[in-house]
Amino acid sequence: MSKETFTFQTEVSRLLDIVASSLYSNREIFLRELISNASDACDKLRHQALTSPSLIEGDHDFKVALSVDKEAKTITVSDNGIGMNHDDLLATLGTIASSGTGAFIEQMSKDDKKDSGLIGQFGVGFYSAFMVCDKVEVTARKAGEQEGWLWVSDGKGEFSIEKGSRDERGTTVVLYLKKDAEEFLEPSRITHIVKMYSDHIGFPVTLAGQGDGEDGKEGKEETLNAASAIWTRSPQEVDAEQYKEFYHHTAHAFDEPWITLHNRIEGVVSYTNLLFIPSVRPFDLFDPDRKSHVKLFVNRVFITEQADGLLPPYLRFLRGVVDSEDLSLNISREMLQTDPKLNKIRNGLVKKVLGALKKKADNDAEAYAQFWDNFGIVLKEGLVDDYPMRDKLLELTRFKSTAETMTSLAGYVERMKEGQEAIYYITGEDEAQLASSPHLEGFKAKGIEVLLLIDPVDEFWMQHITDFDGKALKSITRGEANLDAIKTEDDDNAKDDKAEDAPQLDLLIAAIKLELGESVKDVRPSKRLTESPVCLIADDGDMDVNMERLLRRHGQMTNGMPRVLELNPSHAIVKKLAERAGDDAEDALLKDAAHLLLDQARIAEGEAPTDAAAFAKRLASVMERAL
Ligand code: ADP
Ligand code: MG
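Residues numbered from 1 in each chain as written. Chains lettered and ligands numbered in written order. Predicted model: local features only at pLDDT ≥ 70, side-chain atom pairs only at ≥ 80, totals over all residues. Heavy atoms only, no water.

## Description of the overall build of the chain
Part 1 of the reasoning: Helix and strand counts for the chain stand at 22 helices and 22 strands.
Part 2 of the reasoning: Taking 2.2 N^0.38 as the reference for a compact globule, 627 residues should give roughly 25 Å; the C-alpha atoms of the chain span a radius of gyration of 33 Å, well beyond that estimate.
Part 3 of the reasoning: When its C-alpha atoms are laid out on the principal axes, the chain stretches across 120 × 55 × 40 Å.
Part 4 of the reasoning: In the chain, buried positions account for 52% of the 627 residues.
Part 5 of the reasoning: Long-range pairs, those at least 24 residues apart, make up 73% of the contacts in the chain between residues at least 6 apart in sequence.
Part 6 of the reasoning: Total accessible area on the chain is roughly 30,000 Å²; 49% of this is exposed by carbon and sulfur atoms.
Part 7 of the reasoning: With 76 positive and 111 negative side-chain charges, the chain shows a spacing of 1 Å between the two charge centroids. (Helix = DSSP H or I, 4+ residues; strand = E, 2+ residues; numbered from the N terminus. Rg over C-alpha atoms; globule rule 2.2 N^0.38 Å. Buried < 20%, exposed > 50% of the residue type's maximum accessible area, 1.4 Å probe, protein only. Contact = heavy atoms within 4.5 Å. Areas by Shrake-Rupley, 256 points an atom, 1.4 Å probe, with all protein chains shown as cover. Lys, Arg positive; Asp, Glu negative; His and termini not counted. Charge placed at Lys NZ, Arg CZ, Asp CG, Glu CD.)

Below you can see the structure in the form of structure tokens.
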């Protein structure tokens, strides 16, 4: 096959433009990226060799070898990992592997200068080489194959692939440094960079010595990193900076880890975990497959990043590694799911993570609020998925409420009024709309706090959880609300005049029921309204209002169930109507009013009137009479 030329995927070209024109001060990270790739390649081969030992061909000493050539002004990064063949080169060095980076590039405005500073926070990966290079040559040979391949590019829109030669498997990247990047030829500089960013790499990273060649002497090769997997060290020996670098490497992330959990557990099943909770939301947090991203190692050999049984999906924001010597090296992914040892590890990890979150929540509410903002919506899935952990998860759950921007259930219980027996909540899709909902009026008037639940997942877990700390959780849009028993400061004066005023509603209710027929389940006086004339509620035992709305939206339900219409006895409209009721069975105004009240209640919830045309007609007719 002769030389072929290809153009980069659009996003890559765009990225390369930015990389090349970037005045990015942190150019040295190119070395971190290339060493990281080399180390990943060694991990991959070691894993594949578990099932195909012949791939290793006797060369077990994985390493990443660096060398510089001051004359040619090149740096070489070479590994004996999995390598690449023609198709691998074409598929990976020409496209963007990480979905996060792809999304970032797409979002990026046309204003290069403004955004180039952000580059350091994202995974530019392999392409970061073009921050310091005019030209990059990659010579690779895939483990188990005989042919070598050469990939070359100047980073200006095109790359080429042709046959190349490499004696053994692996990948060699030769970087032709730009004039202004010659500082990176200094061995001391390289040593410094490797120690700073790549110390945690589990394979030796070596630098070839600088022989002058005159008396045939090559300087000695030096290992620059600690070359022991970071999680195998004792936590006392690892500092925050090193944890951070490892987090960046293993999670392909660029933020600060919010929590770092490094533990060694000795027991029936022994394992080490080095887990991180990110401080920003990873891009794929809401991927429907809810994949775990924690890497599983067995005795320091990388096994998989998709060990489904290792952590529950509601902890999918975790990053890092778990390493156990008690699992079998040859374990398949299918077996992993049902392995009782893995189950033990999983239970231990869940407890550890929830325990750490509880501690943060108790000691640093502000930091915890930030975490909750990022990941609360995912953690809440556990309330449905993980029954045994439900109580622990409930303690960690935070809510918006009419009194607080963020409260725990325990905090709510502390603020409950004398005589209040339930924890009240309302679910909906929009905070502003919820906050002005008629259902809240009576609660507001009495100063009773109501939780505002606006995540769609709330509706689902709320069905599984009926109480907290012995207090029932009660939706204020379902069932009767009797607030009379709850004492508030200005209760005594307020109650009396209401009682005096309350009109006799029996006749009105009978008339409305007759007119509305099947479209309402019941009509009754309300204790929850103070300003609005009417509201709709779900009857006890019926599906809650917002749930019904969600199901209808997703086509899982066509007609809503008839609901209960509540009338506010102290509202002027209701009082006037009550006076008219009973006088004339054929009172047209009363009939129109019945329909209008029902539609008004629907509109107040953000719903459309049942029959828009009929609604408009009735409204016109009532207005006409009023004018
Ligand atoms: P990432 O490391 O996030 O996947 P990179 O841009 O750093 O993204 O690398 C792109 C891809 O190129 C890698 O996923 C890998 O498939 C391949 N690759 C890069 N360097 C090597 C290497 N030294 N050995 C084998 N494959 C490599
Ligand atoms: Mg990479």
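## So, the side chain of D323
Part 1 of the reasoning: With respect to the helices and strands, D323 occurs in strand β14 (residues 319-324).
Part 2 of the reasoning: Buried charge without a salt bridge: D323, with R300 as the nearest opposite-charge side chain at an N-O distance of 4.7 Å.
Part 3 of the reasoning: Among the polar contacts listed, one links the side chain of D323 to the backbone nitrogen of N299, at a separation of 2.8 Å.
Part 4 of the reasoning: Once residues lying within four places of it in the same chain are set aside, the contact partners of D323 are W231, Y271, T272, F297, V298, N299 and R300. (Salt bridge = Lys/Arg side-chain N within 4 Å of Asp/Glu carboxyl O. Polar contact = N/O pair within 3.5 Å; in protein donor to acceptor, adjacent residues only side chain to side chain.)

## Observations regarding a nonpolar patch on the surface
Part 1 of the reasoning: A surface patch of nonpolar side chains, about 350 Å² in accessible area, is lined by L619, M623 and L627.
Part 2 of the reasoning: Inspection of the secondary structure puts L627 in the segment after α22 (612-626).
Part 3 of the reasoning: Note on L627: relative accessible area 84%, which makes it exposed. (Patch = residues over 30% accessible without salt bridge, like charges linked within 9 Å, V, L, I, M, F, W, Y side chains within 5 Å.)

## Describing the side chain of E381
Part 1 of the reasoning: With respect to the helices and strands, the residue E381 is situated in helix α11 (residues 381-385).
Part 2 of the reasoning: In this structure E381 comes out as buried when scored by relative accessible area, which is 14%.
Part 3 of the reasoning: Apart from the residues lying within four places of it in its own chain, the contact partners of E381 are R290, Y314, R316 and V457.

## Points about the site of ligand 1
Part 1 of the reasoning: If you check the shell around ligand 1, you find 14 residues, and the closest are N37, D79, F126, T171 and H252.
Part 2 of the reasoning: At a separation of 2.9 Å, a nitrogen atom of ligand 1 approaches a polar side-chain atom of D79.
Part 3 of the reasoning: Separating an oxygen atom of ligand 1 from a side-chain N or O atom of H252 is a distance of 3.3 Å.
Part 4 of the reasoning: At 4 residues, helix α2 (residues 29-48) tops the list of elements feeding residues into the shell around ligand 1.
Part 5 of the reasoning: A class-by-class count of the residues in the shell around ligand 1 yields 6 nonpolar, 6 polar and 2 charged. (Near = heavy atom within 4 Å. Nonpolar A, V, L, I, M, F, W, Y, C, P; charged D, E, K, R; others polar.)

## What about helix α9 (residues 340-363)?
Part 1 of the reasoning: Compared with an ideal rise of 1.5 Å per residue, which puts 24 residues at 34 Å, α9 spans 35 Å between its outermost C-alpha atoms and is within 8% of the ideal.
Part 2 of the reasoning: The complete set of buried residues in α9 reads L342, I345, L349, V350, V353, L354, A356, L357 and A361.
Part 3 of the reasoning: Backbone nitrogen of K341 and a side-chain oxygen of the N-cap are separated by 2.7 Å at the start of α9; the cap is D339. (Expected span 1.5 Å × (residues − 1).)

## Concerning the pairing of strand β3 (residues 74-79)
Part 1 of the reasoning: The buried fraction of β3 amounts to 6 of the 6 residues, a majority that puts the element mostly inside the structure.
Part 2 of the reasoning: Here β3 shows no split at all, with T74, T76 and S78 on one side and I75, V77 and D79 on the other all buried.
Part 3 of the reasoning: Inspection of the sheet shows strand β2 (residues 64-69) paired to β3 by 6 bridges, in the antiparallel sense. Counterpart to V64 in the pairing with β3 is D79.
Part 4 of the reasoning: As consecutive antiparallel partners, β2 and β3 are separated by 4 residues, and within that stretch K73 has a phi angle of approximately 55 degrees, a positive value.
Part 5 of the reasoning: Across 6 bridges, the pairing between β3 and strand β7 (residues 170-177) is antiparallel. Residue pairing for β7: T76 is matched across the bridge by V174. (Pairing = 2+ DSSP bridges.)

## Observations regarding the sheet that holds strand β21 (residues 534-537)
Where strands meet in a sheet, backbone hydrogen bonds hold them as pairs that are either parallel or antiparallel.
Part 1 of the reasoning: Here we have 3 strands laid out as an open sheet, ordered β20-β22-β21, and mixed in their pairing. Edge positions in the sheet fall to β20 (520-525) and β21, since each of these pairs with one other strand and no more. In this sheet, neighbouring strand axes are inclined to one another by 25 degrees on average, regardless of whether the strands run parallel or antiparallel.
Part 2 of the reasoning: Direction of pairing for β21 relative to strand β22 (residues 563-567): antiparallel, over a ladder of 4 bridges. Its bridge partner lying in β22, C535 is registered against E566.
Part 3 of the reasoning: Sitting on the sheet, helix α18 (residues 506-516) touches β20 and β22, and the angle it makes with β20 is about 165 degrees. (Axes fitted to C-alpha atoms, helices over the stretch in contact; angles between N-to-C directions.)

## Considerations on the sheet that holds strand β11 (residues 271-278)
Part 1 of the reasoning: Sheet architecture is open: 5 strands sit in the order β10-β11-β14-β12-β13, paired in mixed fashion. In the strand order of this sheet, the two ends are held by β10 (257-265) and β13 (301-304), each with one partner. Taking each pair of neighbouring strands and ignoring which way they run, the sheet shows an average axis angle of 20 degrees.
Part 2 of the reasoning: Strand direction decides the pairing type here: strand β12 (residues 295-298) and β14, joined by 4 bridges, are parallel. Each bridged residue has a counterpart across the sheet, and for K295 the counterpart in β14 is V321.
Part 3 of the reasoning: Against the sheet, α9 contacts β10, β11, β12 and β14, and its axis sits at roughly 135 degrees relative to β10.

## Let's talk about the packing of α2 against helix α6 (residues 187-197)
Part 1 of the reasoning: Where α2 meets α6, the closest approach of the two axes is 9 Å, and the angle between their N-to-C directions is 60 degrees. The hand of the α2/α6 crossing is right-handed. On the side of α2, the interface is formed by I29, L31, R32 and I35, while α6 contributes I190, I193, V194 and Y197. (Left-handed = near helix turned anticlockwise from the far one by under 90°.)

## Focus on the domain arrangement of the chain
Part 1 of the reasoning: Domain boundaries assigned for the chain yield domain 1 (4-223), domain 2 (230-367), domain 3 (385-475) and domain 4 (491-626).
Part 2 of the reasoning: Each of domain 3 and domain 4 was reduced to a C-alpha centroid, and the two centroids are 26 Å apart.
Part 3 of the reasoning: Each partner contributes to the interface: domain 3 provides 16 residues, whereas domain 4 provides 19 residues.
Part 4 of the reasoning: In this assembly, domain 3 packs against domain 4 so that about 1,500 Å² is buried in total across both faces, 50% of it on carbon and sulfur atoms.
Part 5 of the reasoning: Ranking the residues of domain 3 by area buried against domain 4 places E429, H439 and E441 at the top, with a combined share of 37%.
Part 6 of the reasoning: Seen at the junction of domain 3 and domain 4, the total is 0 salt bridges. (Domains from an automatic or database assignment. Buried area = accessible area lost by both parts, 1.4 Å probe.)

## Comments concerning the environment of S526
Part 1 of the reasoning: By the element assignment, S526 lies in the loop between β20 and β21.
Part 2 of the reasoning: Look at S526 and you get buried, because its relative accessible area is 7%.
Part 3 of the reasoning: From its side chain, S526 meets the backbone nitrogen of L529 in a polar contact 3.4 Å long.

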